[in-house]
Amino acid sequence: MTASSVRPVSEREARQVAEAAREQVWHKPSFAKELFLGRFRLDLIHPHPAPAPDDVRRGEAFLAKLREFCETRVDPARIERESQIPDETINGLKELGALGMKVDPKYGGLGLTQVYYNKALALAGSVSPAIGALLSAHQSIGVPQPVKLFGTQEQKDRFLPRCARTDISAFLLTEPDVGSDPARLATTAIPDGDDYLLDGVKLWTTNGVVADLLVVMARVPKSDGHKGGISAFVVETAAEGVTVENRNAFMGLRGIENGVTRFHRVRVPAANRIGPEGAGLKIALTTLNTGRLSLPAMCAGAGKWCLKIAREWSAAREQWGKPIARHEAVGAKVSFIAATTFALEAVIDLASQMADEDRNDIRIEAALAKLYGSEMAWLMADELVQIRGGRGFETAASLAARGERAVPAEQMLRDLRINRIFEGSTEIMHLLIAREAVDAHLSVAGDLIDPDKSLSDKGKAAAKAGGFYARWLPGLVTGPGHLPRAYAEFAPPGHRDLSPHLRYAERSARKLARSTFYAMSRWQGRMETKQGFLSRIVDIGAELFAMSAACVRAEMLRSRGDHGVEAYQLADVFCRQARIRADELFGRLWTNTDDLDRKVVSGVLSGSYEWLEAGVLDPSGDGPWIADATPGPSTRDNVHRPIR
């Protein structure tokens, strides 16, 4: 049994809805877009952009206050133990102004830059990832950001002061049977005079249990005077007909207030609609362009914590006559954590500063940061647990009970796991980035592989594509990556030489673009089904972006006299590690088991291997795979818990 209200949607319609929500025009340059096209535009990120002195002053002043608050008024062990952030902690964050970090001061906020907002999330999240999630869900994707970007002046005047100081917000898109396929969205907003009547059920509403204001995505039916389509609304959680039916519990992030919210004939004024009808998904995706940066910021913070614990523990713990870090098997893990932490901070700081300057389009950079940060942070936490051995698997409370330092390594692993799913799973991020990466090709040759286009349209597309590729392909043959002295400014005396890594990145960018072109030529309209290939293309691009960011950051730190020698060492070892991963991915573009995997999947689904499941028992409980989400009045108690 599944959610009975879900709309039946064809694969083609689902693609059309997703495509219509994309920001389809590139008004500004993009380092990552150029990278996937084989053009290594280092000039777009080097020299590393720098924040304005006043932004630094205000940002550092707030970080100092936040640090003092987290050190003295946050009890992370209590949050984990009670699976809840205490009300007094949340009220303290409100008093500190942490709810309004990104809100303009004229609305009562702090007006921090993206750089310092992310530094604050990394700091708060290192103490309690649940607090980081609370603040991020409220500001990165909750009411403040879409209202700031798309709201009317009246909406900004009404909602932003509340969000800056008193009201917690949440973003509601997912439904019980609707995840990354918004074409199936079932929640409706029926026009009724000057209002809309909202009906539906939303799942995994981070902050939803304690939120005062909600951004809700709902489908408006097309009718006279109404364009219809998925639209965004600001909804008061206290409104009649809104019921928080359940507070969900998870393997990690136990303190987050995540729930199931039902809407039954909830009256929402038309004045609360953000943007025009039908613009909801575009608003959501645009909000996420920079909103996604909050998650990798907290991943970078997690890496810093993993490095601290790995350093202290592997120096103190001795085996066979020397500290375990001196044993190569453990030392390699410590090196990986140190180098990757440096790279993650380089990626997030670079992307955040680019967002603040607004000179570049960073939609791909932000998506790459989210993808790469979530995957690498999980690997670092896993390596930390391995370094700690049995103590890594033991809970902090158990360690403390028997007299040892309460290191929550296993909690960090559990808390980080959701980041590979939050705000676009790794698999969806691969597809999203791949679509942007091949955008230039589809814009000139898309009609050639579209079965619905006429012969005349295909002829015009062929002529257009011929002109584009006649200019583009020759540029992929050679470039600065083949010149021994290219990027010589990254080889200062007394430091590691980073120039070979940038030459590798330049050569690899051209190789990546050639590989993409070969694949499109080979598979044409079937290219979108080759998700394994596309994922590897994106992962190579992520490695090249991280390498570039690491080198640029190392040079920036050297030029400032800020640990330059050490930064060059970390950048060098990270690039060497990344090159090994990238080379392996290049090899797997054409040598893989993708075709065999598809055959095995068909066998699994048809039951051919059901015999392999014999000999075990399934402890799962009874019930449907997906809960019924038929609209109607709630039959459950409202567990909404506003914090005042």
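For the structure given in this document, a descriptive report is provided here. Within every chain, residues take consecutive numbers counted from 1 along the sequence as written. Since the coordinates come from a predicted model, pLDDT governs what is reported: local features require at least 70, and pairs of side-chain atoms require 80 or more to be given and counted, while whole-chain, interface and lining totals use all residues. Side-chain metrics in this entry use all non-hydrogen atoms of the structure; hydrogen atoms and water are not considered.

For the rest of this paragraph, the subject is the overall build of the protein. Helix and strand assignments come from DSSP, with helices taken as H or I runs of at least 4 residues and strands as E runs of at least 2, each series counted from the N terminus. Scanning the protein from terminus to terminus reveals 23 helices and 10 strands. We compute the radius of gyration from the C-alpha atoms alone; for a globule the expected value is 2.2 Å times N to the 0.38, where N is the number of residues. The globule rule puts the C-alpha radius of gyration for 644 residues at 26 Å, and the 25 Å found for the protein is close to it. The C-alpha extent of the protein, read off along each of the three principal axes, is 75 × 70 × 65 Å. In what follows, a contact means two residues having at least one pair of non-hydrogen atoms within 4.5 Å. Residue pairs at least 24 apart in sequence account for 77% of intrachain contacts in the protein once pairs closer than 6 positions are excluded. When the accessible surface of the protein is totalled, it reaches about 28,700 Å², and 55% of it is carbon and sulfur. The charged-residue count follows a simple rule in which Lys and Arg add positive charge and Asp and Glu add negative charge, with His and chain termini not counted at all. Charge coordinates come from a single atom per side chain, which is NZ of Lys, CZ of Arg, CG of Asp or CD of Glu. Between the mean site of the 83 positive side-chain charges and the mean site of the 81 negative ones, the protein shows a separation of 4 Å. Only the protein chains shown count as cover for residues, and the accessible areas themselves come from Shrake-Rupley with a 1.4 Å probe.

This next bit is on the nonpolar core. Leu368, Phe490 and Phe574 are the most contacted members of the largest nonpolar core, which has 100 residues in total. Counting residues per element, this core draws most heavily on helix H21 (residues 531-559), at 17 residues. Other than its neighbours up to four places away in sequence, Phe574 contacts Ala339, Thr340, Ala343, Tyr372, Glu543, Ala546, Met547, Ala550 and Arg581. Side-chain atoms within 4.5 Å are what join buried Ala, Val, Leu, Ile, Met, Phe, Trp, Tyr and Cys residues into a set we call a nonpolar core. When a residue's accessible area, from a 1.4 Å probe over protein chains only, is under 20% of the maximum for its type it is buried; when over 50% it is exposed; and in between it is partly exposed. Formed by 33 residues, the second largest nonpolar core is a distinct cluster that contains Val74, Tyr117, Leu135 and Ile643.

With that settled, the discussion passes to the packing of aromatic side chains. Planes of paired rings set the category: under 30 degrees apart is stacked, over 60 is edge-to-face and the rest tilted, where pairs are Phe, Tyr or Trp rings (Trp by its six-membered ring) whose centres lie within 6.5 Å. Using the criterion set out here, one finds 13 aromatic pairs in the structure. With a centroid separation of 4.9 Å and 50 degrees between ring planes, the pair formed by Tyr469 and Phe517 is classed as tilted. Placement of Tyr469 in helix H19 (residues 455-472) and of Phe517 in helix H20 (residues 499-523) is noted, with a sequence separation of 48 residues between them. A relative accessible area of 13% means that Tyr469 is categorised as buried. Overall, the relative accessible area of 17% leaves Phe517 in the buried class. An aromatic cluster is built from Phe468, Tyr469, Trp472, Phe517 and Tyr518, whose rings are joined through pairwise contacts. The side chain of Arg363 reaches across the aromatic face of Trp26, ending 3.7 Å from its centre. Only when the NZ of Lys or the CZ of Arg is both within 6 Å of the ring centre and within 35 degrees of the ring normal is a charge said to sit over the ring.

What follows covers the state of the cysteines. The disulfide criterion is simple: two cysteine sulfur atoms within 2.5 Å. Inspection of the entire model under this criterion finds 0 disulfides. The closest cysteine sulfur to the non-disulfide-bonded Cys299 is located on Cys306, 10 Å from its own sulfur.

It is worth spelling out the environment of Gln386 at this point. On the secondary structure map, Gln386 appears in helix H13 (residues 363-388). Its relative accessible area of 54% is what places Gln386 among the exposed residues. Residues Gln386 and Ala409, spaced 23 residues apart in sequence, show a C-alpha to C-alpha distance of 9.7 Å.

Residues form patches when they are more than 30% accessible in relative terms and have no salt bridge. Like charges link within 9 Å. Nonpolar side chains (Val, Leu, Ile, Met, Phe, Trp, Tyr) link within 5 Å. A carboxyl oxygen of Asp or Glu within 4 Å of a side-chain nitrogen of Lys or Arg is what we treat as a salt bridge. Among the surface-exposed residues, Val600, Val601, Val604, Leu605, Tyr609, Trp611 and Leu612 lie close enough to one another that they form a single nonpolar patch of about 760 Å² accessible area. Tracing the chain through its elements places Trp611 in the segment after helix H23 (594-606). Residue classification places Trp611 among the exposed positions, given a relative accessible area of 60%.

This part covers the pairing of strand E4 (residues 213-220). In terms of residue burial, E4 counts as a mostly covered element, since 8 of its 8 residues are buried. Residue alternation in E4 divides its side chains into two sets, Leu213, Val215, Met217 and Arg219 and Leu214, Val216, Ala218 and Val220, and both sets are buried. Two strands qualify as a pair provided that DSSP identifies no fewer than 2 bridges between them. The pairing of strand E1 (residues 169-172) with E4 spans 4 bridges and is classified as parallel. Across the sheet, residue Ser169 finds its bridge partner in E4, namely Leu213.

Closest axis-to-axis distance for the helix H6 (residues 114-127)/helix H11 (residues 294-316) pair is 8 Å, and the angle between their directions is 50 degrees. Between H6 and H11, the angle is such that the two are oblique. Where H6 crosses over H11, the handedness of that crossing is right-handed. Contact residues: H6 offers Tyr117, Asn118, Leu121 and Ala122, while H11 offers Ser294, Ala297, Met298 and Gly301. Throughout this entry, Asp, Glu, Lys and Arg are counted as charged residues, while Ala, Val, Leu, Ile, Met, Phe, Trp, Tyr, Cys and Pro are counted as nonpolar. The remaining residues, Gly among them, count as polar. In the contact of H6 with H11, the residues fall into 5 nonpolar, 3 polar and no charged. To obtain an axis, a line is fitted to C-alpha atoms, over the contacting stretch when the element is a helix, and the angle between two such axes runs from 0 to 180 degrees between their N-to-C directions. For this classification, under 35 degrees means roughly parallel, over 145 means roughly antiparallel, 65 to 115 means roughly perpendicular, and everything else is oblique. Each crossing gets its handedness from the near helix: less than a right angle anticlockwise from the far helix is left-handed, clockwise is right-handed.

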